[in-house]
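Each chain, written out:
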Amino acid sequence: MSTPAQTATSTRAVAFSLYRSLLRTSRQFTAYNFREYALRRTRDGFRDHKAESDPRAIEDFLTKAEKELSMLKRQTAVSQMYQFNEQVVESKHSRPHRRISTA
Amino acid sequence: MQVSMIRQLAKAGLRSSSSIARSSPRAFVASSSATASRHQLSSSRSYVSESKSRKAVATTDAPLTSHTSAPPPPPGFKSALDESTAEILQNAELLDSEKRPIYLDMQATTPLDPRVLDVMLKFYTGLYGNPHSRTHAYGWETDTAVEEARAHVAKLIGADPKEIIFTSGATESNNMSVKGVARFYKNRKNHIITSQTEHKCVLDSCRHLQDEGFEVTYLPVQSNGLVDLEELEAAIRPETSLVSIMTVNNEIGVIQPIDEIGQICRKHKVFFHTDAAQAVGKIPIDVNKSNIDLMSISGHKIYGPKGIGACYVRRRPRVRLEPIITGGGQERGLRSGTLAAPLIAGFGEACRIAKEEMPYDSKHISTLSKRLSDGLLAMDHTIRNGDAERHYPGCVNISFAYVEGESLLMALKDIALSSGSACTSASLEPSYVLRALGADDALAHSSIRFGIGRFTTVEEIDYVLNAVKERVTFLRELSPLWEMVQEGIDLESIEWSQH
């Protein structure tokens, strides 16, 4: 059995890895507005739960984040299949390359 | 073997008839995508695990490349998954050739949330059963999804799921409510009250009822766009069956005092219908708190799919209506016809997200709205239309004096805006909503509606602020009226000689 301290560290690591995957996947949206929203929503969602201490609430949040991640993977793939021209305020660098990440 | 056959057919077609020749590229594409799918199926790698999108990629490819008429694959064509995916993406259709404008017309419609599409796709791929089929699992699974969606819609407005009737949208719900109630009670009551700033579909339903012999009172609104409650109460007669006042106006975004209107209607035992297409999912609404008897909801105004909506019909005290569409008796007999399970599932998910995200979205939209309206109202001779307090922040309607609204819209090609309702934007008539507020024609002609939503970004708002400032200044420089205003001439005092 792991001690509470160990569990806390591993939960932290899980959360951090999930956060990074969510951001990386969000960047794969070719549609500017959806990409910006996914990034903003992920950042704000994790920021709001930064100080969460209740293990139950943390678990719920992480389960939800995992579901979000698989949804994002499917929807960014759809977004890459139907590409539209750049939006006027969009900078060239923020757009994902025309390639679906195989990672 | 099959490929070569198609090729021969196509060649023959090219020689003989032009109509077959035109269809031949499609045949090539179909054959090439079939090859691609075989290659993909043989590969074990995948970039999306859950929805098995390897198949999806190959099948979507056919209509996509049909316009570009991709050449057939070379004889020894072999490709790994990555390469074929890359090829498909290269062929992915690029619409238009210029940059896409910023979308700021959220009152007309909203983009479909990717989370909503994610729920809908499985109903377009595998779950195709008729939700009314009682004899097999295909029917049961879509029926479960429909009932789940109904619960999400009901929860968003504080209703019971049994009180939700799915329709094709808010226009149908409005027609159903206004005509339905009036016709059902026509033996005893023949009077309806509505306001001058209602949506066209409510006003037109009332016009039709007038032709059928009903009496309709069109309440005027005050200069801030709100209905006068005393005037409303005075207009209620013993033979009044229905009051229909919208919650949030689609052109100026004012929020009518529906709580008070609901109380007045309940006191006089008159049914209260509200068109809440622009309000549901954006501001908190509770049908019991506001004493609403009938309410119209639209799917595509809350980041859901187009072509679906709902009508809330109260059960206690019971509201009875004569259905417009009759048939198989679905939806409590009020709206017959097979339910569109994919759209309903998407609509339900949109409602669920709207409920969950309402505090977050409202905060974001209010911030952007303040940034936009502060910036625009800081310009000379700009006026906000509608009440500044009782106002949904996602709809900012501003008049730019001495600029013609339509020419400003033309000058702002890089921003998708509207001068008012999408339904009336084809005509050059000034908005009847703004005229009902008492705005003069010149000011009504120079109004622009900015619609902010969940997916609008700060960068977009800043771009819009700059663009509007620059182009309003430019258009005013061209205007002789503006020159006279700058010289201090009061335009009202001028007597124009030639008319």
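Reading the values: the criteria
Residues numbered from 1 in each chain as written. Chains lettered and ligands numbered in written order. Predicted model: local features only at pLDDT ≥ 70, side-chain atom pairs only at ≥ 80, totals over all residues. Heavy atoms only, no water. Phe/Tyr/Trp six-rings, centres within 6.5 Å; stacked < 30°, edge-to-face > 60°. Helix = DSSP H or I, 4+ residues; strand = E, 2+ residues; numbered from the N terminus. Buried < 20%, exposed > 50% of the residue type's maximum accessible area, 1.4 Å probe, protein only. Core = buried A, V, L, I, M, F, W, Y, C linked by side-chain atoms within 4.5 Å. Domains from an automatic or database assignment. Contact = heavy atoms within 4.5 Å. Patch = residues over 30% accessible without salt bridge, like charges linked within 9 Å, V, L, I, M, F, W, Y side chains within 5 Å. Areas by Shrake-Rupley, 256 points an atom, 1.4 Å probe, with all protein chains shown as cover. Salt bridge = Lys/Arg side-chain N within 4 Å of Asp/Glu carboxyl O. Lys, Arg positive; Asp, Glu negative; His and termini not counted. Charge placed at Lys NZ, Arg CZ, Asp CG, Glu CD. Pairing = 2+ DSSP bridges. Axes fitted to C-alpha atoms, helices over the stretch in contact; angles between N-to-C directions. 1 Å grid on protein atoms, 1.4 Å probe; cavity = no way out; pocket = protein on both sides within 12 Å on 5 of 7 lines; lining within 4 Å. Points joined across faces, edges and corners; volume = space filled by probe spheres on them. pLDDT = per-residue confidence, 0-100.

A. Representation of the packing of aromatic side chains. Residues and elements named next belong to chain B. By the definition in use, this model includes 11 aromatic pairs over all chains. With centroids separated by 6.1 Å and ring planes inclined at 70°, the aromatic side chains of Phe-166 and Phe-347 adopt a geometry described as edge-to-face. One end of the pair, Phe-166, is in strand S2 (residues 164–167); the other, Phe-347, is in helix H11 (residues 341–377), with 181 residues separating them in the sequence. Here Phe-166 and Phe-347 have matching classes, each one buried.

B. Spotlight on the nonpolar core. By size, the foremost hydrophobic cluster in this structure holds 113 residues, and its most contacted members are Met-295, Phe-400 and Phe-450 of chain B. Inspection of this core shows a minimum of three residues originating in each of domain 2 (114–354) and domain 3 (357–493) of chain B. If we skip the residues at most four places from it in the chain, Phe-400 of chain B touches Leu-376, Met-379, His-381, Thr-382, Leu-408, Ser-446, Ile-448, Phe-450, Val-468, Val-472 and Arg-476 of chain B. If you look at the next biggest cluster of nonpolar residues, it comprises 17 residues, including Leu-22, Leu-62 and Leu-69 of chain A together with Phe-455 of chain B.

C. Representation of a positive patch on the surface. Side chains of Lys-162, Arg-315, Arg-316, Arg-318, Arg-320 and Arg-332 of chain B sit close together on the surface and give a patch of like positive charge. Given the relative accessible area of 55%, Arg-318 of chain B is considered exposed.

D. Up close: the sheet that holds strand S9 (residues 382–384) of chain B. Residues and elements named next belong to chain B. The three strands are arranged S9-S10-S12 in an open sheet whose pairing can be described as antiparallel. Either end of the sheet is taken by a strand with one partner, and the two such strands are S9 and strand S12 (447–451). On average, each strand axis in the sheet is inclined to that of its neighbour by 30°, with strand direction left out of account. Pairing geometry for S9 and strand S10 (residues 395–400), over three bridges, is antiparallel. By the bridge assignment for S10, Thr-382 is matched with Phe-400.

E. Focus on empty space enclosed by the protein. Residue and element names in this part refer to chain B. Scanning all chains against the criterion turns up one cavity of 30 Å³ or more. Estimates place the volume of the largest cavity at around 90 Å³. In terms of lining residues, the largest cavity is bounded by Gly-281, Lys-282, Ile-302, Tyr-303, Ala-354, Met-358, Asp-361, Ser-362, Ile-365, Tyr-392 and Arg-454. Counting contributing residues, the lining of the largest cavity receives three or more from each of domain 2 (114–354) and domain 3 (357–493).

F. Region of interest: unusual backbone geometry. Residues and elements named next belong to chain B. Residue Pro-317 is reached from Arg-316 by a cis peptide bond, and omega for that bond is -10°. If you check the backbone angles, Tyr-402 has positive phi at about 70° while not being a glycine. With respect to the helices and strands, the residue Tyr-402 is situated in the loop between S10 and helix H12 (405–411).

G. Region of interest: the confidence of the model for chain A. Per-residue pLDDT for chain A averages 87, and the proportion of residues at 70 or more is 86%. Averaged pLDDT values for the elements of chain A fall to 88 in helix H1 (residues 4–26) of chain A and rise to 96 in helix H2 (residues 32–48) of chain A.

H. The arrangement of a negative patch on the surface in detail. Together, Glu-52, Asp-54, Glu-59 and Asp-60 of chain A make up a negatively charged patch on the protein surface. If you trace the backbone, Glu-59 of chain A turns up in helix H3 (residues 55–81).

I. Structural detail: the pairing of S2 of chain B. All names here are of chain B. Neither face of S2 is left uncovered, since the one carrying Ile-164 and Phe-166 and the one carrying Ile-165 and Thr-167 both have all their residues buried. By the bridge criterion, four bridges tie S2 to strand S8 (residues 309–313) in an arrangement that is antiparallel. Within S8, the position partnered with Thr-167 by the bridge is Gly-309.

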